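Now for the letters of each chain:
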Amino acid sequence: MKISEILEKKRTLSFEVFPPKKYDEEIDKLYDTISKLKVFKPDFISVTCGASGSNRKDNAEIAGHIKSLGIEPLAHLTGGPSSEEDILNSIEALKKNGVDNILALRGDKPVDYASEYCKTFKHATDLMKFLKYKSDFSLAGACYPEGHSECDSLYEDLKHMKEKEDAGAEFFITQIFYDNNYYYRLVQEARRIGITKPIIPGVMPLIFPSSIKRTKEMCGLTIPLEYRNMLEYYKDNPKVFKEIGINYAVYQIMDLIAKGAPGIHLYVMNNYKTAEEIYNRLEHVFKELF
Ligand code: FAD
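The text that follows walks through the structure, step by step, so that each part is easy to find. Residue numbers here run from 1 along each chain, matching the order of that chain's written sequence. At least 70 in pLDDT is required for a residue's local features to be given in this predicted model, at least 80 for side-chain atom pairs to be given and counted, and no such filter applies to totals for whole chains, interfaces and linings, which use all residues. With hydrogens and water stripped out, all remaining heavy atoms of the structure feed into the side-chain values.

1. Here we look at the site of the ligand
- In the region of the ligand, 25 residues are neighbours, and Cys49, His76, Asp108, Tyr144 and Asp157 sit closest.
- Ala51 is positioned such that a nitrogen or oxygen atom in its backbone is 3.4 Å from an oxygen atom of the ligand.
- Ala124 places a main-chain nitrogen or oxygen 3.0 Å from an oxygen atom of the ligand.
- Every helix listed is a DSSP run of H or I at least four residues long, and every strand listed is a run of E at least two residues long, numbered separately from the N terminus. For the shell around the ligand, the secondary structure elements donating two or more residues are strand S3 (72-78), strand S4 (101-105), helix H6 (154-166) and strand S6 (169-176).
- For the shell around the ligand, the element with the highest residue contribution is H6, accounting for 4 residues.
- Gly is placed with the polar residues, together with every amino acid not listed as nonpolar (Ala, Val, Leu, Ile, Met, Phe, Trp, Tyr, Cys and Pro) or charged (Asp, Glu, Lys and Arg). Here the shell around the ligand is built from residues that sort into 10 nonpolar, 9 polar and 6 charged. Here a residue is near a molecule or strand as soon as one of its heavy atoms is found within 4 Å of it. Distance and chemistry together define a polar contact, namely a pair of N or O atoms within 3.5 Å, with one atom able to donate a hydrogen and the other to accept it when in protein, and with adjacent residues in sequence counting only for side-chain atoms on both sides.

So this is what it looks like as structure tokens:
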């Protein structure tokens, strides 16, 4: 089923998981996590894909497993350094596994990339156009509330977001953010330039002190001063730190829903407990407003 059709009818709850590095050793654990996530009745579960595309077979198998549990999978697919043939093989595997929805991405470039790294699929839109031409998948795109790190301005980035919609994106999922105002500004500016498709906010609780630095470095994200001060104050107490992170995500979600977000995408990173803690605190919100 097309996720965009679900979005026309209701607010969606979704989770994101990633293929384990040691696939054979850890896949049962991931499948156990996915079975537990099913209890929360997600509208879809997305499965990430490596930037180079090396784990696409795992990605397709996990998506197929999600489908077999009666949950709609959203398979991430990165163009990155792939050839057309690589992508054709991937879409065949995804089709065989019953996947209908693809989040089409360029993927992060390696630090030492050569200029011809993304030769065929330079940007997500190149992959989207190819997928539209060669298949009938329903497509989604990524977007960035604080602007993408490679772009000079949010407005330049928004222009490329509009190109994604024109290339066939039926909805968007955002990069994580810790100040909801960035999401509200993105939605407002997107609508102003004619982007009409749903923009689902991505939420990821900060539950480990080590993730503060990584989050800021990897994604260039702003952590509001008050929240940063709290994290700093509690960083030597892992249990309290985690509790603060979960509560902050709960606050973000409540605010996003109150202001009309079309869904919530939880980056649970294969951590079932995180999803459970958030769900339990917001059980009535999810049951009555989704
Ligand atoms: P693009 O849309 O190509 O954008 C990349 C940069 O190029 C942006 O600055 C954009 O403004 C600019 N740009 C776009 N089009 C043009 C153009 N025509 N001309 C000039 N500039 C242009 N990464 C993974 O490796 N695997 C994953 O599974 C994964 N999942 C993700 C899921 C979500 C929801 C999000 C938000 C990100 C995810 N990423 C993933 C990270 C993503 O791949 C990186 O952020 C990557 O750097 C950009 O991907 P994109 O698809 O947005 O690329």
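After presenting the structure, the write-up continues.
2. Brief notes about the sheet that holds S4
- Note on pairing: two strands pair once DSSP finds at least 2 bridges between them. The strand order S1-S2-S3-S4-S5-S6-S7-S8 describes a closed barrel built from 8 strands, whose pairing is parallel. For this sheet, the mean inter-axis angle between neighbouring strands, taken without regard to orientation, is 25°.
- Bridge analysis of strand S2 (residues 44-47) against S3 gives 4 bridges, and the strand direction is parallel. Paired with Val47 across the two strands is Ala75, which belongs to S3.
- Two residues form a contact once any of their heavy atoms are found within 4.5 Å. Here, axes are lines fitted to C-alpha atoms. For helices the fit covers the stretch in contact, and angles between N-to-C directions go from 0 to 180 degrees. Here helix H5 (residues 124-134) sits on the sheet in contact with S3, S4, strand S5 (138-143) and S6, set at roughly 145° to S4.
- Strand contacts of H6: S5, S6 and strand S7 (199-203), with the helix running at about 145° to S6, the strand carrying the most contacts.

3. A few points about the side chain of Glu72
- Along the polypeptide, Glu72 turns up in strand S3.
- Throughout, exposure labels follow a simple rule: accessible area from a 1.4 Å probe, protein chains only, divided by the maximum for the residue type, with under 20% read as buried, over 50% as exposed, and the rest as partly exposed. With a relative accessible area of 10%, Glu72 lands in the buried category.
- A distance of 3.1 Å separates a polar atom in the side chain of Glu72 from a polar atom in the side chain of Lys67.
- When residues no more than four places from it in sequence are discounted, the contact partners of Glu72 are Met1, Ile3, Asp43, Phe44, Ile45, Ile66, Lys67, Asp100 and Asn101.

4. Observations concerning the packing of aromatic side chains
- Pairs were defined over the aromatic rings of Phe, Tyr and Trp, the Trp ring being its six-membered one, requiring ring centres within 6.5 Å. Orientation was assigned from the angle between planes: stacked under 30 degrees, edge-to-face over 60, tilted for the rest. For the structure shown, the criterion picks out 13 aromatic pairs.
- Ring centres 5.7 Å apart and planes at 10° place the aromatic pair Phe177 and Tyr183 in the stacked group. By the burial criterion, Phe177 is buried, and Tyr183 matches it.
- Consider the rings of Tyr248 and Tyr251, whose centres lie 5.8 Å apart with planes at 50°: the pair is tilted.

5. Section: unusual backbone geometry
- Residue Met269 is not a glycine yet carries a positive backbone phi of 50°.
- One non-glycine residue, Asn270, lies in positive phi territory at about 65°.
- Checked against the element boundaries, Asn270 lands in the loop between strand S8 (263-267) and helix H11 (272-281).

6. Looking at helix H10 (residues 238-258)
- Given a helix with a known number of residues, its expected span is that number minus one, times 1.5 Å. Taking 1.5 Å of rise per residue, 21 residues should cover 30 Å, and H10 covers 30 Å from first to last C-alpha, within 8% of that figure.
- Where H10 is concerned, the buried positions are Phe241, Ile244, Gly245, Ile246, Tyr248, Ala249, Val250, Gln252, Ile253, Asp255, Leu256 and Ile257.
- Trailing H10 by a residue or two, Gly260 shows a phi angle of about 90°, which is positive.

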